[in-house]
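Coordinate inspection notes
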Amino acid sequence: HAQCDACPCCRDTCVNANSCIPCQKKRNATTMPRMHESSSNLLALLSSICSGESPENKNAQNTYTMCQLKRHNHAESAWILVGDTIYDATPYIRSHPGGTETILRKSGGAADCTEDMRFHSGRAQREWRKFKVGTLVACPRQSSS
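Bear in mind the structure is a predicted one, so any value in this text is a computation, not a measurement.

**Description of the side chain of Arg71**
Here Arg71 is to be found in the loop between helix H4 (66-69) and strand S2 (73-74). One polar contact links Arg71 to Asp5, side chain to side chain, over a distance of 3.0 Å. The contact partners of Arg71, leaving out residues within four places of it in the chain, are Asp5, Ala6, Asp12, Thr13, Cys14 and Val15.

**As for the pairing of strand S5 (residues 132-136)**
Bridge count between strand S1 (residues 63-64) and S5: two bridges; the pairing is parallel. Counted as the bridge partner of Thr63 is Thr135 from S5. Taken together, the three bridges between strand S4 (residues 85-88) and S5 define a ladder with antiparallel strand orientation. Of the residues in S5, the one forming a bridge with Tyr87 is Lys132.

**Quick word on the pairing of S4**
Residues in a regular strand project their side chains so that they alternate between the two faces of the sheet. Two strands pair when backbone bridges link them, and strand S3 (residues 77-82) and S4 are joined in this way by four bridges, in the antiparallel orientation. Residue Leu81 lies in a different strand from S4, and its bridge partner there is Ile86. Counted along the chain from S3 to the antiparallel partner S4, the turn is two residues long, and its residue Gly83 has a positive phi close to 70°.

**Details of the packing of aromatic side chains**
For the structure shown, the criterion picks out four aromatic pairs. Ring geometry for Tyr92 versus Trp128: centroids 6.5 Å apart, planes at 80°, classification edge-to-face. Pair noted here: Tyr92 is in the loop between S4 and helix H5 (100-104) and Trp128 is in helix H7 (residues 122-128), with a separation of 36 residues, a long-range link. What makes Trp128 buried here is its relative accessible area of 11%. On the numbers, 5.6 Å between centres and 65° between planes, the contact of Trp128 with Phe131 is edge-to-face. Among the aromatic side chains, those forming a connected cluster through ring pairs are Tyr87, Tyr92, Trp128 and Phe131.

**Describing the confidence of the model for the protein**
Residues with a pLDDT of 70 or more make up 74% of the protein, whose mean pLDDT is 82. Segment residues 34-59: pLDDT under 50, and 16 contacts once partners within four positions in sequence are set aside and those in other chains are kept.

Conventions and cut-offs
- Residues numbered from 1 in each chain as written.
- Predicted model: local features only at pLDDT ≥ 70, side-chain atom pairs only at ≥ 80, totals over all residues.
- Heavy atoms only, no water.
- Helix = DSSP H or I, 4+ residues; strand = E, 2+ residues; numbered from the N terminus.
- Polar contact = N/O pair within 3.5 Å; in protein donor to acceptor, adjacent residues only side chain to side chain.
- Contact = heavy atoms within 4.5 Å.
- Pairing = 2+ DSSP bridges.
- Phe/Tyr/Trp six-rings, centres within 6.5 Å; stacked < 30°, edge-to-face > 60°.
- Buried < 20%, exposed > 50% of the residue type's maximum accessible area, 1.4 Å probe, protein only.
- pLDDT = per-residue confidence, 0-100.

Now the structure itself:
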């Protein structure tokens, strides 16, 4: 398979994740129950599946490392960082009054957009809540260095 550039320390996967064995193993490890989990964890997992939620841990599902965020830096997937909150700007990118490049320059965690967000009206800031993807967490590799 093509060379994998995913971070080995977090849930980051490469662009070839569907054909990359290490990334497939990583995905399976975070979505499949482990045999050593307690029965209460298995019941919670089954409950989440039956309710239509992702089988992943709900908290883990909505957290992303910078390794993952950096992959969302193009017009097809432009995520921006505001403090430790991540928003998907993709649906709005082409109609943004400041132009596509205004968002792309700071997408993928290239910059914290807190000041940019404050520039916008209260109404626009409230509208952004619909586009929240999750929260930024530290990659274990960055935490240990």
